Amino acid sequence: MDALTEERNQGFLHRFFIFWDKIGILLVFIMVCVIFGILNPVFFNPLNIINVIRQVSIIGVMAVGMTLVILLGLIDLSVGSIVAFAGIIAAGFQVKWGGSLFLSLVIPLLIGAGIGFFNGYVSTKGEIHPFIVTLGSMSIFRGATLLVAKGKPISGMSPAFRFIGAGMIGPIPFPVILFLGCVIIVGIMLKRTVFGRYIYAIGGNREAALLSGIMVDRVKILTYTILGTLSGLSALILTSRLNSGELVAGQGYELDVIASVVIGGTSMMGGEGGVYGTLIGALLIGVISNGLNLLGVQPYWQLMVKGTIIILAVLMDRMKRRFRTV
Amino acid sequence: MNNGDCILRFENVTKRFPGVLALDNVSFDVVKGEVHALVGENGAGKSTLIKIVTGVYQKSSGTVFFQGKAIDYQNPHEALRSGIAAIYQELNLIPALTVAENIFMGHHFRNERGLVDWKKMKEEAQKIINFLEVDVDIDAQVGSLGVAKKQVVEIAKALSLNAQVLIMDEPTAALAKKEIETLFRIIRFLKTQGVTIIYISHHLDEIFAISDRVTVLRDGKHVSTTNTSALTIDDLIKMMVGRKLVEQFPYVNHQFEDEVLRVENLNRKGVLHGISFSLKKGQIVGIAGMVGSGRTELLRAIYGLDPIDTGKIFVKGQEVKIRSPQDAINLGIALLPEERKTQGLVLLLSVIDNIGLPSLSKIANHGFINDNELNRITSEMVKMMDIKTPSFDQKTMFLSGGNQQKVVLGKWFARECDIYLFDEPTRGIDVGAKVEIYHLMNKLIKRGAAILMVSSELPEILGMSDQILVMKEGTITGQLSRQNANQEEVLKLAIGGGHLGGRSD
């Protein structure tokens, strides 16, 4: 009798976690939306929805890249500073150094890629934990931002440049298209390309991947470079939307970016997860701050709610793993 | 209390994993004070059974009785508290702490102020060590001890908790012959003290040397529980595999062709000295030697994992520089590493992902994976290797050890290399699966490959190789042909005597 009940329970738990693995976070997301919608009907106003997704895009684009890094079992803390530095350079090319649209788009992306490459190269070849390397980069490029800007924000972009962050294609904001484009491209890349499968293999077992002939260091460096480039893209969106290269731009973004990935179900241990979860994770964070704002909840409550959700998400991941080993 | 006093009883114990029936209505008794051996092929359910007793897993149905009471431990801690301890292959000690601390880890003595009572702890630890009559310094750091002494510490740890049942999973895997004798002495002594031992090993000679009774499991089912003295090795093998093994080493006379690999005067400071040999298409060359003789290091050097200082490597007559495993694979060299779980497989990934891993770049089109081709390769390998898996998408962590090893073989079969470097191809694998793997080696040879095989099991080297290299302290001390090689000769070259190939530095 007891054994039977236990078996049924295990079967239930097993099915529950398989189910959770697939769409659990999506369900939570829908529930949160419904609750906010009931508490304040403005939440489902199309303008509000578009507003939320637009806000999410900046974090989201970086979270797509961060998903790859975390899938490898690694981390990058420098994304916020890349946003600031690449952003101030974009603003510089717009306002101070000749106003070329082309340069103000391309150079920040290259700078993002370069910093990403630096992070990847130093941590792999120098055999330093990426936590340390990117902690260093975080400080270096925050300082570099202040240096370039000489302590003052650079404002006043051209209309063409402003399109990136503020433009619309039909009813949809341009940043949203960029964000969803990144999700789809990286999603396909992870599933269908050799590079994508290598990321899962390395994150799952670095040694086995190495012995299988995978150039592990090269994949890691390339992954950091991709994240750096995407952070450069976020910098363009943010600078364009603010119409200004700000000194404090991107400060604390790394937390939201990492949170989006983790809430989306990608394991910090590497090897498991994906970019569609990250999409939901980023949206969930955006929806929660928007919903709480609409309800007039003070910002410090929002921080506490966000923190709680991050811990709960990782707790679910833990339980999933523990159940699997049983 | 008579002799038939049963301490542990299994009644219809069943364990289901998603898609796998690991234990199927297993029933048998373990008698107090006996050494009870548990044997079976990989995947037979030995580990699962042990993990149920020790609370790592929970059974799906059935009952386990310990000292007459039905038990259902939820974690190893509960089992330990009740007197059931297990010592696994991977020892669970903390290297930076002392022997005494490790023995009492988790139940430190405390004085009245709540601080650690070091004096009492050392006294008690010394008592247990004395009791075991072994020479272990209780103040030594565990990390500085050899495997045999670490094992003694594990046993002492179990005794400190007053273990009634001590489960040993492959306890001799890393022990030298003399250390095995010490272990057996301890086991016999514990027996006289009324401790029951459950002994798991692939080495059947050990089973006969130490056990009173033996239980055979096969495919999750209980086959028999018999007095060991009533059996022969052949009986036991027959019960384990369910059929009679025709031949232990299915050696076929190979036709050698051109040389595919030649190593000339290879040196790596402190590791390899003046290594020269050659390998022909269609040939199996075995490398014998003690652990630490440089066997694995030689394979690693050829595979581009460790840099070499001087020396030349020729593949099919061309001198090559191999700087990474990728270089090696591009030249048609594959390495099957000794640890399948940590080196051979990505356990989080599926069967298809693991089998495809080395071949992905080959079957990709502009970086995109050709799914049809990947499916075709995988189904071919699953069929050829007879891999038992519910689907290609099953994560390899859920497969049994033997099936995992077949996936590792499959991934390199699929890559179609010319030179296969095998490091301990049958370690931790049961008799039946071993023969399967030898047959697969023959298949590789038939396909036109050459094999360089490192093994600690001398019969395997003698049984399968065309040519035998013996290594000692990083040098090749002798090369023997199949006809001239015997156990004595190889051991002489591996352990004692003078060097035939001189050291180069």
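Calculation notes
The written sequence of each chain sets the order in which its residues are numbered from 1. Whichever chain is written first becomes A and whichever ligand is written first becomes 1, with later ones labelled in order. Residue-level local features of this predicted model are given only where pLDDT is at least 70; pairs of side-chain atoms are given and counted only at 80 or more, and the full residue set underlies all totals for whole chains, interfaces and linings. The helix and strand labels rest on DSSP assignments: H or I over at least four residues marks a helix, E over at least two residues marks a strand, and numbering proceeds from the N terminus. Using C-beta atoms placed from the backbone, we call a residue buried if 20 or more other C-beta atoms fall within 10 Å of its own, exposed if 12 or fewer do, and partly exposed for counts in between. When we talk radius of gyration, it's over C-alpha atoms, and the globule rule is simply 2.2 Å times the number of residues to the 0.38. Working definition of a contact: two residues with C-beta atoms, positioned from the backbone, lying within 7 Å. Per-residue confidence from the predictor is reported as pLDDT, a score between 0 and 100. Lys, Arg, Asp and Glu make up the charged group, whereas Ala, Val, Leu, Ile, Met, Phe, Trp, Tyr, Cys and Pro make up the nonpolar group; the residues left over, Gly among them, are polar. DSSP-based pairing: two strands are paired if at least 2 bridges between them are found. Helix axes are fitted to C-alpha atoms over the stretch in contact, other axes to C-alpha atoms as well, and angles between N-to-C directions run from 0 to 180 degrees.

S.K.: Is there a simple way to explain the overall build of chain B in this structure?
M.R.: Secondary structure summary: chain B contains 18 helices and 22 strands in total. By principal-axis analysis of the C-alpha atoms, chain B measures approximately 75 × 50 × 50 Å. When the 505 residues of chain B are sorted by exposure, 46% land in the buried category.

S.K.: Is there a simple way to think about the overall build of chain A in this case?
M.R.: Scanning chain A from N- to C-terminus turns up 13 helices and four strands. Over its C-alpha atoms chain A spans a radius of gyration of 21 Å, differing by no more than 12% from the 20 Å that the globule rule assigns to 326 residues. Across chain A, contacts joining residues at least 24 apart in sequence account for 79% of those joining residues at least 6 apart.

S.K.: Just checking my understanding: could you explain the confidence of the model for chain A for this structure?
M.R.: Predicted coordinates in areas of low pLDDT are best not read in detail. All names here are of chain A. Scored by pLDDT, chain A comes out at a mean of 89, with 90% of its residues at no less than 70. Mean pLDDT across the elements of chain A ranges from a minimum in helix α1 (residues 2-39), with 70, to a maximum in helix α10 (residues 216-242), with 97. Within the model, the stretch residues 1-8 combines pLDDT values under 50 with four contacts to residues more than four positions away or in other chains.

S.K.: Explain helix α11 (residues 253-263) of chain A to me, please; I cannot follow it from the model alone.
M.R.: Note: α-helices contain 3.6 residues per turn, so residues at a spacing of three or four share the same orientation. Residue and element names in this part refer to chain A. Among the 11 residues in α11, 10 count as buried, and that is most of the element. Buried within α11 are the following residues: Y253, E254, D256, V257, I258, A259, S260, V261, V262 and I263. Two residues or fewer past α11, G265 is found with a positive phi of approximately 95 degrees.

S.K.: What am I meant to see in the interface of chain A and chain B here?
M.R.: Taken residue by residue, the interface counts 24 residues in chain A and 28 residues in chain B. Taken together, the elements giving at least two residues each to the side of chain A that touches chain B come down to α1, α8 (194-204) and α9 (206-211) of chain A. A total of six residues in the side of chain A that touches chain B trace back to one element, the largest contributor, which is α8(A). A class-by-class count of the residues in the side of chain A that touches chain B yields 11 nonpolar, seven polar and six charged.

S.K.: Explain unusual backbone geometry here, please?
M.R.: Residues and elements named next belong to chain B. The residue E170 is not glycine, and still its phi comes out positive at about 50 degrees. One non-glycine residue, H366, lies in positive phi territory at about 50 degrees. With respect to the helices and strands, H366 occurs in the loop between β17 (364-365) and β18 (368-369). Of the residues examined, H366 has 6 C-beta atoms within 10 Å and is grouped as exposed.

S.K.: Honestly, the sheet that holds strand β3 (residues 35-39) of chain B in this entry has me stumped. Any pointers?
M.R.: Working definition: the strands of a sheet are paired by backbone hydrogen bonds and lie parallel or antiparallel to each other. Residues and elements named next belong to chain B. An order of β6-β7-β8-β3-β9-β10 is seen for the six strands of this open sheet, with the pairing classed as mixed. Looking at strand neighbours, the two that pair on one side only are β6 (84-87) and β10 (221-227), the edges of this open sheet. Neighbouring strand axes in the sheet, compared pairwise and without regard to direction, differ in orientation by 20 degrees on average. In terms of strand pairing, strand β9 (residues 213-218) meets β10 through six bridges, oriented antiparallel. Note on β10: the bridge partner recorded for V216 is S224. Where helix α5 (residues 147-160) meets the sheet, its contacts fall on β6 and β7 (165-169), and the angle it forms with β6 comes to roughly 170 degrees.

S.K.: How should helix α1 (residues 46-53) of chain B be read in this particular structure?
M.R.: Residue and element names in this part refer to chain B. Summarising burial for α1: eight of the eight residues are buried, a large majority. Within the span of α1, buried status applies to K46, S47, T48, L49, I50, K51, I52 and V53. Once α1 finishes, G55 follows within two positions and takes phi at roughly 80 degrees, a positive value.

S.K.: Looking at this structure, I do not really get the sheet that holds strand β13 (residues 284-289) of chain B. What am I missing?
M.R.: Residue and element names in this part refer to chain B. The strand order across the open sheet formed by six strands is β16-β19-β20-β13-β21-β22, and the pairing between neighbours is mixed. At either margin of the open sheet sits one strand with a lone partner, and together these are β16 (333-336) and β22 (475-481). Neighbour-to-neighbour, the strand axes of the sheet open up by a mean angle of 20 degrees, direction not taken into account. Alignment of β13 against strand β21 (residues 467-472), held across five bridges, turns out to be parallel. From the neighbouring strand, A288 faces β21, where its bridge partner is V470. Across the sheet, helix α9 (residues 295-302) is in contact with β13, β16, β19 (419-423), β20 (450-454) and β21; its angle to β19 comes to roughly 150 degrees.

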